[in-house]
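# Chain and residue survey
Listed here are the chains, written in short residue letters.
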Amino acid sequence: MTTNILDNIDLRTLGELLQQARKKCNMTQADAAKIIDAARTTMIAIEKGERRLKANELIKLARAYGRSVSEFVRQRPIVQPFEVQFRALYQRSQEQQAEIEPFILHLEELCQNYLELEKIMDAPIARNYPLEYQVTDMPIKSAAESIAVAERQRLGLGDAPISQLRDILEQDVGLRIFYLQMPQKYSEVYSYNEEVGGCMAINANHPEERRRWSMAHGYLHFLAHRQKPEFHFDGQYQRFPESEQLAETFPKYFLMPTSGLLKRFNDMYRTHGKFTPTNLFTLAHYYGVSVEALVYRLEEMELLPSGTWEKLRDRGLKVRKIQEELGLEQIPQRVDMMPLHYQHLAIEALDQGLITEGRFAEFLHVDRLEARRIAEALREYSSGMMEEDTDFDLRQIQTAGK
């Protein structure tokens, strides 16, 4: 006897998924009711889980919402829509909202996929979250530097440059960080809820220095304004609120800690008897920040005269050209659009037969041909890591036996 999957599905869960999909298409319940040739009250009952959906009705609604039927019937966690939180936070024009909406929805979908993979593999992301920092009534600069120092100590970073910022935030803190290709004016998206935890989307079209700055900016919102989602873009504010001033100030202390930067600057100064333009470019490369950000930081520390950056800019400073002349390669662009943990969960689920190749491709947002290439690369990476681990263990045994 053939079993109808809709007979065993949780109606309330299905109703909530249908409601979210409908809202993302800007459809009313009346619009959806017309699609299945029913009354609006019927659609209300379906979305509340009070009326069982027929198979042909689900097919029609899925087609109208631009979704596959499998998205509604397979078991997966439900993530509360991010866009509701963002709408509540910012008052924007309809044009701005229409431009922003796809990126928020994309991040929401990716986080839902992440939770689904964790559930499939029974491997939830490890969270190493600090308590939310309290900064009420503290001066902005003092608060930003205090949090930066505390987090560096908590994560064991000392005062050295953070070369692998994304890996640290993903693996040592437990944030979910995705790269999305967004218009140039957008920098990052940040959101948080108890189920998903801290999530960020960073603009993949920006150079790595700016991506790192954006990540640190979003990290401050997680550390000090955890429950306040944020979508950051150029020209967003006419007058910066204190929360945003703090987020704008934090990266310079987190990425360029005072003690380490001062020591490095003094070492260069003693070696050359002065601080040269070459030193400036070398130091920016060392910390993985833009030359502009470093100059402003050194000005603030009174190690360079105020207005140095404006003078360099007015003289027509060509940053990339000078970096090439000095042999300073650009900071490697991270090409992983998805977190490494996310990718490895997906390949493990595929190799264990828990998901299909088609679903693997959907998780990575690529076609099947590209999915196969990525799968092979991930398998080679995992195999290499296992061999390194084996070598390490053998060396330990050999040493212990001597």
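Residues numbered from 1 in each chain as written. Predicted model: local features only at pLDDT ≥ 70, side-chain atom pairs only at ≥ 80, totals over all residues. Heavy atoms only, no water.

## Re the overall build of the chain
Regarding its fold elements, the chain presents 19 helices and four strands. Counting the 402 residues in the chain, one finds 49% classified as buried. Within the chain, counting contacts between residues at least 6 apart in sequence, those at least 24 apart form 69% of the total. Just so you have it, the chain exposes about 21,100 Å², and 51% of that area is on carbon and sulfur atoms. (Helix = DSSP H or I, 4+ residues; strand = E, 2+ residues; numbered from the N terminus. Buried < 20%, exposed > 50% of the residue type's maximum accessible area, 1.4 Å probe, protein only. Contact = heavy atoms within 4.5 Å. Areas by Shrake-Rupley, 256 points an atom, 1.4 Å probe, with all protein chains shown as cover.)

## Thoughts on helix α3 (residues 40–48)
Of all the positions in α3, only Thr-42, Met-43, Ala-45, Ile-46 and Glu-47 are classed as buried. Close packing links the buried residues of α3 with α1 (11–24), α2 (29–35) and α4 (55–65). Two residues or fewer after α3 comes Gly-49, characterised by a positive phi angle close to 80°.

## As for the side chain of Glu-118
Inspection of the secondary structure puts Glu-118 in helix α7 (residues 94–121). Residue Glu-118 is classed as buried on the basis of its relative accessible area, which comes to 7%. The contact partners of Glu-118, leaving out residues within four places of it in the chain, are Ala-123, Pro-124, Ile-125, Arg-176 and Leu-345.

## Structural notes on helix α18 (residues 357–364)
Burial runs high along α18: six of the eight residues are buried. Phi turns positive one or two residues past the end of α18, at His-365, with a value near 55°.

## Notes on the confidence of the model for the chain
On average, residues of the chain carry a pLDDT of 82, and 85% of them reach 70 or more. Here residues 83–90 is modelled with pLDDT under 50, and outside its nearest four sequence neighbours on either side it reaches 26 contacts, counting other chains as well. A low-confidence stretch, residues 390–402 stays under pLDDT 50, and its non-local contacts, those more than four residues away or across chains, total zero contacts. (pLDDT = per-residue confidence, 0-100.)

## Section: the nonpolar core
Counting 56 residues, the largest nonpolar core has Tyr-219, Phe-250 and Phe-254 as the members making the most contacts within it. Ranked by the residues each element gives to this core, the list is headed by helix α10 (residues 208–224), at seven residues. Residues contacting Phe-250, with those up to four places away along its chain left out, are Ala-144, Ile-147, Ala-148, Ala-216, Tyr-219, Leu-220 and Leu-223. Counting residues in each nonpolar core, the second largest holds 36 residues, with Phe-103, Leu-110, Met-338 and Leu-378 among its members. (Core = buried A, V, L, I, M, F, W, Y, C linked by side-chain atoms within 4.5 Å.)

## Examining the pattern of salt bridges
Per the stated rule, a full pass over the model turns up 18 salt bridges. For Glu-208, the salt bridge goes to Arg-211, with nearest N and O atoms at 3.0 Å. One end of the pair is Glu-208 and the other is Arg-211, both in helix α10 and three residues apart, which spans about a single turn. For Arg-211, a relative accessible area of 4% puts it in the buried group. Put simply, Lys-141, Lys-252, Arg-297 and Glu-300 are held in one network by salt bridges that share partners. (Salt bridge = Lys/Arg side-chain N within 4 Å of Asp/Glu carboxyl O.)

## Observations concerning the pairing of strand β3 (residues 197–203)
Counting buried residues in β3 gives seven out of seven residues, a clear majority hidden from the surface. Here strand β1 (residues 176–180) runs beside β3; their pairing, made up of five bridges, is parallel. The residue of β3 that forms the bridge with Tyr-179 is Ile-202. Pairing of strand β2 (residues 186–193) with β3, which is carried by six bridges, proceeds in the antiparallel orientation. The residue of β3 that forms the bridge with Ser-191 is Cys-199. The antiparallel hairpin formed by β2 and β3 contains three residues in its connecting segment. (Pairing = 2+ DSSP bridges.)

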